[in-house]
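In case you want the letters, here they are:
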Amino acid sequence: MRKSESVHGVVRHPDFTVGELVFVTIRLKKDEAHAIVDIARQHFGEQVRVWLFGSRTDPAGRGGDIDLLVETPCALPNRMLSAARFDAALQMTLGEQKFDVLLVDPATEEKPIHAIARREGTELSKLLDPEYLRLLSLLEVVRREANWLLRAEKRLFAHHLDEAWFSNLEQDDAAAETLEAFVSRFARLQDNLGDKLIPACLRALAERTGSALDNLNRAEKLGLLWSAQEWLAARTLRKRMVHEYALSATDLMLSLQGARQLVPHFIETYNTINERLADALGVGADWPQKL
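Heads up: these notes are all about the structure in this document. (Residues numbered from 1 in each chain as written. Predicted model: local features only at pLDDT ≥ 70, side-chain atom pairs only at ≥ 80, totals over all residues. Heavy atoms only, no water.)

### A word on the overall build of the protein chain
Looking only at helices and strands, the protein chain features 11 helices and six strands. When each of the 291 residues of the protein chain is scored for burial, the buried share is 45%. Nonlocal contacts in the protein chain, meaning residues at least 24 apart in sequence, comprise 68% of its contacts between residues at least 6 apart. Per element, the accessible surface of the protein chain, about 15,300 Å² overall, is 50% carbon and sulfur. (Helix = DSSP H or I, 4+ residues; strand = E, 2+ residues; numbered from the N terminus. Buried < 20%, exposed > 50% of the residue type's maximum accessible area, 1.4 Å probe, protein only. Contact = heavy atoms within 4.5 Å. Areas by Shrake-Rupley, 256 points an atom, 1.4 Å probe, with all protein chains shown as cover.)

### Quick notes on the nonpolar core
Counting residues in each nonpolar core, the largest one holds 52 residues, and the members touching the most others are Phe182, Phe186, Leu256, Phe266 and Trp287. If you list the elements that add at least two residues to this core, you get helix H6 (130-156), helix H7 (163-167), helix H8 (173-204), helix H9 (212-221), helix H10 (228-242) and helix H11 (249-281). Setting aside its immediate chain neighbours within four residues, Phe186 contacts Leu149, Ala234, Arg238, Met241, Ala259, Leu262, Val263 and Phe266. By size, the runner-up hydrophobic cluster in this structure holds 27 residues, among which are Phe44, Ala89, Leu90 and Leu94. (Core = buried A, V, L, I, M, F, W, Y, C linked by side-chain atoms within 4.5 Å.)

### Here's the deal with the pattern of salt bridges
Two side chains with opposite charge may pair up if their charged atoms get near one another. The full count for this structure, using the stated rule, is 12 salt bridges. A salt bridge links Glu71 to Arg118, with the shortest nitrogen-to-oxygen separation between them at 2.9 Å. Here the residue Glu71 occupies a position in strand S4 (residues 66-71), and Arg118 occupies one in helix H4 (residues 112-120), the gap between them amounting to 47 residues. Judged by relative accessible area, Glu71 falls into the partly exposed class, the value being 23%. (Salt bridge = Lys/Arg side-chain N within 4 Å of Asp/Glu carboxyl O.)

### A short note on helix H2 (residues 30-44)
Its 15 residues place the ends of H2 21 Å apart at the C-alpha level, agreeing with the 21 Å of an ideal helix rising 1.5 Å per residue. Glu32, Ala33, Ala35, Ile36, Val37, Ile39, Ala40 and Phe44 are the residues of H2 that are buried. (Expected span 1.5 Å × (residues − 1).)

### Observations regarding the layout of surface pockets
Here the second largest pocket defines a volume of roughly 290 Å³. Lining the second largest pocket are 17 residues, and of these Lys126, Asp129, Glu131, Tyr132 and Leu281 sit closest to its centre. Every element with two or more residues in the lining of the second largest pocket is listed here: helix H5 (124-127), H6 and H8. By residue number, the principal contributor to the lining of the second largest pocket is H6, which donates four residues. Counted by class, the lining of the second largest pocket contains six nonpolar, two polar and nine charged residues. (1 Å grid on protein atoms, 1.4 Å probe; cavity = no way out; pocket = protein on both sides within 12 Å on 5 of 7 lines; lining within 4 Å. Points joined across faces, edges and corners; volume = space filled by probe spheres on them. Nonpolar A, V, L, I, M, F, W, Y, C, P; charged D, E, K, R; others polar.)

Structure follows, in C-alpha cells:
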C-alpha cells in the first residue's frame, strides 16, 4: 500500500478518489451533500451554487451547525421567506439538524461573510459535478508528478555528471535508478500536462480544443504555456533521453542539462493553469495547491 499524503493539513490516502478525498476533509456525508444540492436546485434552479463553510469544514471538529451559502442568479420576491422554506425542506429530508443558511440573490448586498464562505468553504455544487472532479483529479495528479520530478532532479544533479559517472551506470544500480527516475518523471509530467490537463483546462475555460498542436498553440496564446515550440523541443529531447543507450556520454549529459532547463517551465505551466482555473471557477479550500 502506498504512503498517505498530507494536504491542507489533512491526511489524504492515495487509494481514495479525489471526490472521496474531499469528503474526508469535511464533516458531511456524501448523500447529505447530494440532498442539499438537489433541494437547492429544486428551490432555486440548476444554476444555483452551494458552499459548505464554517465548523463543518474542519475534519478535526465535532458537532456544529451546517453553515451554507446558497447563491442563485434568479431574483427572489422575498429572500428571507425563500431561505426559510429551503431550511424547512432540508430538515424534512435530513432530519432536525441545525442549518444556518445565507441566501444570496442578485439584489443581496455583498457582505464579508459571503467572501469568506466562497474562499474558505467547499462548494458542494461543484464537488458533485463529474467534470469538476475530473479537473481536480488531473490537477492533483500533475501536482504530484511535478513534485516527484523536482525531487528526482535534485537527486540526479547532486552527482557530478561526467563521462566517468555515465560509464559506471551499468555497474551502479543506484545511479541508474536515479537517472531513470528523472527521465521517466520528466516524460510522465509532460504527458499529463500536454495530453490531459491542457485540453481539460481549455474546455473548462470554454475554449475550442483540437489536435495536440492546436491545443498547445491555443494555450500559448492564452498565456497558459510559455512556448508551443519549446514544448515540442522538450518532447524531442525526452525521446532522446529515453533511448540513452544510443547516445554518447556527452550527448546524454547535454540532453539531461537541456531537460533540466525546461523543468521550471513545466512547473510554471502547472501553476499558471492552476491559478487561471481557480480564478475562473471560483474554487474553495479543496483546490490543489500550487508548487
